[in-house]
Every structure is written in structure tokens, then in C-alpha cells.
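Observations on the three-dimensional arrangement
So the chains spell out like this:
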Amino acid sequence: MKIAIHGRSFTTDTQPYVQALFDILKSKQIDYSISSSFYSFLLSAGVNPYTEKNYPHPHGAPDADFIFSIGGDGTLLESVMQSRSRQIPILGINTGRLGFLATVSPPMINDSLEALFQGNFQTEDRTLVSLLSDTDLFEDYNFALNDFTITKTDTSSMITVHAYLDGEFLNSYWADGLIVSTPTGSTGYSLSCGGPVVLPTNDVFVITPISPHNLNVRPMIIPDVSKLSFRVESRSSNFLVSLDSRFRIVDSTVTLLVKKELFKARLVKLSQDNFVQTLRTKLHWGLDARN
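Residues numbered from 1 in each chain as written. Predicted model: local features only at pLDDT ≥ 70, side-chain atom pairs only at ≥ 80, totals over all residues. Heavy atoms only, no water.

Per an unreviewed UniProt entry, the recorded name for the protein chain is NAD kinase, and the organism is Runella aurantiaca. Recorded in UniProt for the protein chain, the comment headed Catalytic activity (unreviewed entry) runs: "NAD(+) + ATP = ADP + NADP(+) + H(+)". Its UniProt record, at the heading Function (unreviewed entry), says of the protein chain: "Involved in the regulation of the intracellular balance of NAD and NADP, and is a key enzyme in the biosynthesis of NADP. Catalyzes specifically the phosphorylation on 2'-hydroxyl of the adenosine moiety of NAD to yield NADP." (UniProt positions renumbered as here; feature names shortened; annotations may be inferred.)

Turning next to the sheet that holds strand β8 (residues 143–144). Pairing within the open sheet is antiparallel, and its six strands lie in the order β8-β7-β18-β15-β10-β11. In this open sheet, the two edge strands, each paired with only one partner strand, are β8 and β11 (168–175). In terms of strand pairing, strand β15 (residues 228–233) meets strand β18 (residues 256–260) through three bridges, oriented antiparallel. Among the inter-strand pairings, L228 is bridged to a residue of β18, identified as V258. (Pairing = 2+ DSSP bridges. Helix = DSSP H or I, 4+ residues; strand = E, 2+ residues; numbered from the N terminus.)

With that out of the way, let us pick up empty space enclosed by the protein. Applying the stated criterion across every chain yields a total of one cavity of 30 Å³ or more. Taken as a whole, the largest cavity encloses approximately 40 Å³ of empty space. Forming the boundary of the largest cavity are N171, S172, Y173, W174, A175, P212, H213, N214 and V217. Classifying every residue of the lining of the largest cavity gives five nonpolar, four polar and no charged. (1 Å grid on protein atoms, 1.4 Å probe; cavity = no way out; pocket = protein on both sides within 12 Å on 5 of 7 lines; lining within 4 Å. Points joined across faces, edges and corners; volume = space filled by probe spheres on them. Nonpolar A, V, L, I, M, F, W, Y, C, P; charged D, E, K, R; others polar.)

If you want it as C-alpha cells, here you go:
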């Protein structure tokens, strides 16, 4: 078994759990390599990784059977970038805050690794959104697991996003911006803007306006086989385009087309993983001071 490990900084309280992870990998004689940025942090945090093998980040991970993502959901999004079209299964270990995607808590590391080594897991494929444009905005990383967004660059005037669904005019969104979310991203930015929660295996996209001027313009669910194209008008003649946490400033002459990516992100799903339970736990569904 070969494993690539990527992560971000963590607190001193988490350090013993991360050290225990490397202790287990060493005892199992697992072949693993660590992203260069995370490797440097591990040494500064006093963690012994038992190896000097590392690979450059953010470029693709080496040939591996799994990627371990140690951090929050943002770290897992970076791991998806490292996997790219190879669809390497990603195990998310949550040393961050909310953790919708990274579901393994530090105290669960030992049991989770044991389940992984024994083959007691499943993989779940998640749809990615892809951006095509006449300008190479994101090079080889023109895909996202959570969402594609168009937003204004200044703090005053709104922008107008003319949206076309499969070539047919859909609507002109006079707003602060527009989100095209995958099912995975429905619990992220889209949710905070009033979008619906979508089960992660559904074959849909969610179009969510950001602070629309017309209050009767609501979020919309479309099949993920649809193609969306956009034309943007802005007083400043430019606007922001983002894929997950990566963004670019572009001008109004750039053409944008969004569709489903040909490959998917593959996440490791252990026996205790349950999306509905995650909703109750992370979003505190059912909790009320009156109860």
C-alpha cells in the first residue's frame, strides 16, 4: 500500500494524535510520502514522520493508493487537486473546525486506519464542476468539488450575471454574484446564501444567487448534465471568478461555461460515516433550547 499525506497546521492538542498516525504507519511498514508544505510543518511541530520522502505541493501527489488529508475541509479540497483525474481515494482526518468532508476525528484515527488496512470501507464518488473559458484561468486545475462562483470585486455596485442553460436564456441575475454548487458544496457557501441541502450522491447542480436585488429570484436545482454559460456586466468592467478557494479577477470580455467534470473526487467512507447524521451533528438539527 502506498499513501500520500497532505495537511495543514494543527494545534498542540492534536499533535499526539498525528504522531500516533505516523507511529502506526511505521509499525505497519506502509510506504508513504508527505507534501512538502506539510512535511515542513510536522518538523516544526515536533512530529517525527519517520521519513524524508516528500512531494511538491500544490502539484499532483505521487503514485498512491490513498491520500490522507489532515486538516479541515479546505485541506481536503487541496487533496482533490492533488488527485485530479486519477481519482485516488481520499481519507479526510479532521483537525480543523466543522469538517463536513473530513469526517475522521483525531481520537478515531487508530480505529479508522485499522478499518482501512482491513478493507472495511467503501468509496463514494463526488461530482466535480468544471470551468471552460477562452482564457486559461486555472491551468490544469479548472475544476472544483464545492462550487464555482461569480462575485463582484468592489463593495458598492452590484453586477448583472446573464445566465444561459444549455444555450437558452435563463435569467439575468442582478446581485452580488452567483454560485453554481455541486451536491457536496450545497452545505457550504450556497447554504449560507439560502440554497437547499442536497444529498451528496444526487446528480444535480444548484444555482444560488448571492444577495439578489429581486427577492423573487430563488435558488434553482438543475440536472448536472446541463451546461451553463454566463455573460457578466459590471461597472468596474471586471469581476471575481472562483473554483472552491481559488479565485481570479477577469474582465467582462471573458466567456465562461460551466459543466460537469469528466472525472470525480473519490472519498473514503468508513462504517460510521453517515451524511444525515453529519447534518444533525454539524448543523445541530433538532437542537432547541425549548427542548
